[in-house]
Amino acid sequence: MPLESRAVEGSPRLPLKLECLLGRGAAGEVWKARSPFGFVAVKCIDLAQRSKDSELATQEAWLLQRIRHPHIVRFLDLVVDKG
């Protein structure tokens, strides 16, 4: 699911601009992005290609929303792009 450096649409609460690809794995890609809070990491999962992982991705987002730990990145938002 290659993405170009672009604005991420679908989240009016958190406008993001993708800066560069940080890595790829079995579940998708991680991008460095600029937000109103500074730099953030954005995990992009193509659920159309991995429909069986849809429930796991939703569960991961739900859990990350609740975790507050100095060594775990803070969860900011979930965007589902149906395009």
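The structure displayed is predicted, hence computed values, not measured ones. Numbers given to residues run from 1 along each chain, matching the order in which its sequence is written. Given that this is a predicted model, residues contribute local features only at a pLDDT of at least 70 and side-chain atom pairs are listed and counted only at 80 or more, while totals for whole chains, interfaces and linings are drawn from all residues. Hydrogens are left out, water is left out, and the side-chain values use all remaining heavy atoms of the structure.

Asks: Just give me the short version of the packing of aromatic side chains, but keep the residues and values in it.
Replies: Classification of ring pairs rests on two measures: the distance between centres of Phe, Tyr or Trp rings, Trp counted by its six-membered ring, which must be within 6.5 Å, and the angle between planes, read as stacked under 30 degrees, edge-to-face over 60 and tilted in between. Under the defined criterion, the tally for this structure stands at 0 aromatic pairs. Sitting above the plane of the Phe-39 ring, Lys-32 keeps its charged end 4.3 Å from the centroid. The criterion is that NZ of a Lys, or CZ of an Arg, lies within 6 Å of the ring centre and within 35 degrees of the ring normal, and then a charge sits over that ring.

Asks: Please give an account of the confidence of the model for the chain that cites residues and values.
Replies: Values of pLDDT, ranging from 0 to 100, describe the predictor's confidence in every residue of the model. Here the chain averages 76 in pLDDT, while 71% of its residues score no lower than 70. Ranking the helices and strands of the chain by mean pLDDT puts strand 2 (residues 16-25) first, with 90, and strand 1 (residues 7-8) last, with 48. Within the model, the stretch residues 1-7 combines pLDDT values under 50 with 19 contacts to residues more than four positions away or in other chains. We count a stretch as a helix when DSSP gives it H or I for four or more residues in a row; a strand needs E for two or more, and each element gets its number in order from the N terminus. Here a residue-residue contact requires only that any non-hydrogen atoms of the pair lie within 4.5 Å.

Asks: Outline the environment of Leu-78, listing residues and values.
Replies: Examined against the element boundaries, Leu-78 turns out to sit in the segment after helix 1 (54-66). Between the C-alpha atom of Leu-78 and that of Thr-58, which follows or precedes it by 20 residues, the distance is 8.8 Å.

Asks: Outline the nonpolar core, supporting the account with residue identities and numerical values.
Replies: What we call a nonpolar core is a set of buried Ala, Val, Leu, Ile, Met, Phe, Trp, Tyr and Cys residues that are connected through their side-chain atoms within 4.5 Å. Only protein chains enter the area calculation, which uses a 1.4 Å probe; residues under 20% of their type maximum are buried, those over 50% are exposed, and those in between are partly exposed. Among the nonpolar cores identified, the biggest contains 7 residues, and these are Leu-16, Leu-18, Trp-31, Ala-33, Val-40, Val-42 and Cys-44. Within the residue set of this core, elements represented by two or more residues are strand 2, strand 3 (28-35) and strand 4 (38-44). Per-element accounting of this core gives the leading share, 3 residues, to strand 4.

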